[in-house]
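The primary structure of each chain is shown beneath.
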Amino acid sequence: MSPIEQALCREMHTFDALWHEIHLTLREIPQIFARREAVVFLCLAGLTLIALDPHDFLDHITVLEALFVWACADVIFALVYFMTLLGIAMLPTKTAPKIYLPIPSTFAFTVTTIFVESMIGTLSLGEYTPKVWPDIMAFVVVAQLFEFLFVRYVLPDVLKAIRANRPQGIGGRSLQIGDQTWPLTDISAISSNQHYLQIDFLDAEPLSIRARISDVLNDLPPEAGVQPHRSWWVAAHAHPSLISEGRKRWLITPYGHKIPVARGRIDEVEKWLNTHGVPESNTTS
């Protein structure tokens, strides 16, 4: 896997303006904006901006021209924002990047504003003059408000819906330990610590239960996940990817796992990833 592909799979800890944390990966972003909830939110935000006309564009250009400008602005903002996050994800750090979202969004906003102001000046044949205060500064506040509303109230439900789409082959399977049963699609990983197992869930707190990992793995189909280490199992729908750090190999997931890969299991894990998951990364960090 190339450095860019690895960065797309790398987990990021993102924080909104009030420091509310959401874990995601860049490869989830196209899926996020393909969801109906995200499309509706963006359309409403765009119509609101046209109606409010925070730059007084409509005094100098037509509504159709304003629609075209805002559409271009959305594309530029999204590209700059995405490329900024990609650059951060490609940094050679051992831990998941922590990103305060208002910072990359402000950078993307600045680039987009320069483009928009230039385009309006061209379309108005020089009649429009940018006003940093109060128009542009007020728009900074509006843009940050829209981002905050999206990250806090729309994004969590969208991510939950995306991650709820499990491989069909294990959709009806369950994991039973003693008298407790869980849908296999709810579990991201299982780890062993002496006589206890820790079961990590996609959308719930981990659970510790007395059992042996060997007894549990005997009941799991190969396509459901992989055992990279004698004390670990990770689910396919947790989207594990293989990275290298020096001579060591690790499986990482968007849910915060960093699982060691035993030397004797490297070939097995690579074959499993090529069939069921994300191919091997040859990148050394």
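Look up a bit, the structure's there.
The following refers to the structure shown. Think of each chain on its own: its residues are numbered from 1, step by step along the sequence as written. Restriction of local features to residues with pLDDT of at least 70 applies here, the model being predicted, together with a cutoff of 80 or more for giving and counting side-chain atom pairs; totals for whole chains, interfaces and linings are based on all residues. Hydrogens and water are ignored here; the side-chain numbers use all heavy atoms of the structure.

### Regarding the sheet that holds strand E2 (residues 21–25)
In plain terms, the rule: Two strands make a pair as long as DSSP finds a minimum of two bridges between them. The helix count covers DSSP runs of H or I at least four residues long, the strand count covers runs of E at least two residues long, and both are numbered beginning at the N terminus. Orientation is described by axes fitted as lines to C-alpha atoms, over the contacting stretch for helices, and by angles from 0 to 180 degrees between their N-to-C directions.
Taken in spatial order, the three strands line up as E2-E1-E3 in an open sheet, and their pairing is mixed. What marks the edges here is a single partner per strand, and that holds for E2 and strand E3 (98–100). The mean angle between the axes of side-by-side strands here comes to 30°, regardless of whether they run parallel or antiparallel. With three bridges joining them, strand E1 (residues 11–15) and E3 adopt parallel strand pairing. When the sheet's bridge partners are listed, threonine 14 is paired in E3 with isoleucine 99.

### Re the packing of aromatic side chains
As a reminder of what qualifies: Side-chain rings of Phe, Tyr and Trp, where Trp is taken by its six-membered ring, are said to pair if the distance between their centres is within 6.5 Å; with planes under 30 degrees apart they count as stacked, over 60 as edge-to-face, and otherwise as tilted. The buried label goes to any residue with under 20% of its type's maximum accessible area, the exposed label to any with over 50%, and the partly exposed label to all in between, with areas taken from a 1.4 Å probe on protein chains only.
Evaluation of the coordinates by the stated rule reveals 10 aromatic pairs. With centroids separated by 4.3 Å and ring planes inclined at 15°, the aromatic side chains of phenylalanine 15 and tryptophan 19 adopt a geometry described as stacked. A relative accessible area of 6% places phenylalanine 15 in the buried class. Judged by its relative accessible area of 53%, tryptophan 19 falls in the exposed class. Taking the centre distance of 5.6 Å and the plane angle of 5° together, the rings of phenylalanine 33 and phenylalanine 150 count as stacked. Taken as a pair, phenylalanine 33 in helix H2 (residues 29–34) and phenylalanine 150 in helix H6 (residues 132–163) lie far apart in primary sequence, 117 residues in all. According to the relative accessible area criterion, phenylalanine 33 is partly exposed, its value standing at 39%.

### Let's talk about helix H4 (residues 63–89)
Note on helix geometry: an α-helix contains 3.6 residues per turn, so any two residues three or four positions apart are oriented the same way. Stated formally: The span one expects for a helix is its residue count, reduced by one, times 1.5 Å.
A rise of 1.5 Å per residue sets the reference length of H4, with its 27 residues, at 39 Å; its end C-alpha atoms lie 39 Å apart and thus fit the reference within 8%. Every buried residue of H4 is accounted for by Ala66, Val69, Trp70, Cys72, Ala73, Val80, Tyr81, Leu85, Leu86 and Ala89.

### Considering the nonpolar core
Just so we agree on the cut-off: We define the nonpolar core as a collection of buried residues of types Ala, Val, Leu, Ile, Met, Phe, Trp, Tyr and Cys that are connected through side-chain atoms lying within 4.5 Å of one another. Any two residues whose heavy atoms approach within 4.5 Å are treated as being in contact.
Ranked by size, the top nonpolar core spans 34 residues in total, and within it Leu175, Ile177, Trp182, Ile187, Leu197, Trp233 and Leu251 carry the most contacts. Those elements that place two or more of their residues in this core are strand E4 (174–177), strand E6 (187–193), strand E7 (196–201), helix H7 (213–217), strand E10 (232–235) and helix H8 (266–276). Not counting chain neighbours up to four residues away, the residues in contact with isoleucine 177 comprise Trp182, Leu197, Ile199, Ile209, Arg210, Ala211 and Val216. By size, the runner-up hydrophobic cluster in this structure holds 24 residues, among which are Ala7, Ala38, Val151 and Leu155.

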